[in-house]
Amino acid sequence: MISIRYHLKKIFIIIFYYNGLFWRCLQVCNESCDNAIAAEKDGTDKLSILTDARHGWRKNSRQTDVVCLGSKTKKVLHIEVVTTDNDPVAQRHEKLGTQKIYAKLDSAGVNVAMHCHDNNASITKFVRESRPETVNQIDNWHASKSFEKKILDITKGTRKTHGLLWHVQLEDKATSLRTHLNYSLRDCNNDAENFRARLLNAVEHYKNNHTLCSPQSRCKTDPNYEPSKITITTPEAETILRKAILTSNVYKNAEHYAYNMSTAHVESFNNLLNVYHDKRIGFGHTAYKIRTNLAIIDWNAQRDSNEESRSIKHLFHRVVLAKFVKNSLEV
């Protein structure tokens, strides 16, 4: 059953559209994004961005929101709504939207110093070929997830492949190596080679050799330290683990992870978009864009009111619409 709250939202949208407030909504949204860009630049001509794509439907989406947040303020700098009228293939919407975001930032006289996204190969290729001055970065959660999956392959297997593809001494290493990767990203000082060295040092750590371990690690600070994981004692286990690390995407492309950036706030904003246009409902292009603009106003206003908050409360009519309608009617 569709809730009363949904009908109230629909009524508000109709009021916006037929009373000319739709254009006021678009104006306020643009002003909010322009102010966010100015705050992110902070007197310079460079900024760093976080991007992600959110499809409006669960599959074969008619609309896709390509979201761009500032890395410092976490405010929405721009959203490009790409529809099937622009490109019938939803899988290409993120790249098209990203290109339009860069065009928008270029028109505002902004240079993108760093761009973090969710490991989309087409975006990585676009930044490498079209934006050589921009440092491409991949979200650290995707880094640790893919790395843990790589390590899981060497923790179990058949008896025939034991010592060749996996080893029993590695069976408890997957989760702890994911933690080790996160610490390596945090402590590498944004240096790719330093990150690689710290990541590969896990082999020596599990051999109970802590010479190169971080001075802050418990294995160096605790005189009574004892390994909590199985100690590697065979050359077969050492070789398998070392090979797994060396062939992982995180190790080979360390420069794409070294700045330890995260798109968690983009995912939080995507949750807010779910409040304004549910993925189970097929909106027309105009209604969809209205709701996206309202979400931008909501998010940026609440980031202004609580800069340190990592979570945003979704207050649809009580905070956003009530104040917005009142201010619009006074114009």
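Scroll up to find the structure this text is about.
Residues numbered from 1 in each chain as written. Predicted model: local features only at pLDDT ≥ 70, side-chain atom pairs only at ≥ 80, totals over all residues. Heavy atoms only, no water.

Student: Just checking my understanding: could you explain the nonpolar core for this structure?
Tutor: Inside soluble globular proteins, nonpolar side chains tend to come together where they are buried. Membership of the largest hydrophobic core comes to 28 residues, with the highest contact counts inside it found for F147, I151, F195, L199, L241, I245 and V250. Looking at this core, the elements with two or more residues in it are α5 (140–152), α6 (174–187), α7 (192–200), α8 (202–206), α10 (235–246) and α11 (249–252). In terms of residue count, α10 provides more of this core than any other element does, five residues in total. If we ignore the near neighbours within four places in the chain, the residues touching L199 are F147, H180, L181, S184, I245, V250 and Y251. Counting residues in each nonpolar core, the second largest holds 26 residues, with C29, L50, Y276 and I297 among its members. (Core = buried A, V, L, I, M, F, W, Y, C linked by side-chain atoms within 4.5 Å. Buried < 20%, exposed > 50% of the residue type's maximum accessible area, 1.4 Å probe, protein only. Helix = DSSP H or I, 4+ residues; strand = E, 2+ residues; numbered from the N terminus. Contact = heavy atoms within 4.5 Å.)

Student: Is there a simple way to think about the side chain of E40 in this case?
Tutor: Assignment of secondary structure puts E40 in helix α2 (residues 21–41). Summary of buried charges: E40 has no salt-bridge partner, and the nearest side chain of opposite charge, K72, is 5.5 Å away. Side-chain polar atoms of E40 contact the side chain of T73, separated by 2.8 Å. When residues no more than four places from it in sequence are discounted, the contact partners of E40 are K46, L47, S48, G70, S71, K72, T73, K74 and L77. (Lys, Arg positive; Asp, Glu negative; His and termini not counted. Salt bridge = Lys/Arg side-chain N within 4 Å of Asp/Glu carboxyl O. Polar contact = N/O pair within 3.5 Å; in protein donor to acceptor, adjacent residues only side chain to side chain.)

Student: When you look at the pairing of strand β5 (residues 135–138) in this model, what are you seeing that I'm missing?
Tutor: A regular strand places its side chains on the two faces of the sheet in alternate fashion. Note that strand β4 (residues 111–117) and β5 share four bridges and pair parallel. The residue of β5 that forms the bridge with H115 is N136. For the segment spanning β4, helix α4 (residues 121–130) and β5, crossover handedness is right-handed. (Pairing = 2+ DSSP bridges. Right-handed = clockwise from strand over helix to strand, strands pointing away.)

Student: Please explain the packing of aromatic side chains as it appears in this structure.
Tutor: Summed over all chains, the structure comprises two aromatic pairs. With a centroid separation of 5.5 Å and 65° between ring planes, the pair formed by Y102 and F126 is classed as edge-to-face. Here the residue Y102 occupies a position in helix α3 (residues 93–107), and F126 occupies one in helix α4, the gap between them amounting to 24 residues. For F126, a relative accessible area of 10% corresponds to the buried category. For the ring pair F269 and W299, a centre distance of 5.4 Å and an interplane angle of 85° mean the geometry is edge-to-face. Residue F269 is found in helix α12 (residues 264–276), and its partner W299 is found in helix α13 (residues 285–305); the two are separated by 30 residues along the sequence. According to the relative accessible area criterion, F269 is buried, its value standing at 0%. A residue is classified by how much of its surface remains accessible, and W299, at 0% relative accessible area, is buried. Above the ring of Y206, the side-chain terminus of K173 is found at 5.2 Å from the ring centroid. (Phe/Tyr/Trp six-rings, centres within 6.5 Å; stacked < 30°, edge-to-face > 60°. Lys NZ or Arg CZ within 6 Å of the ring centre and 35° of its normal.)

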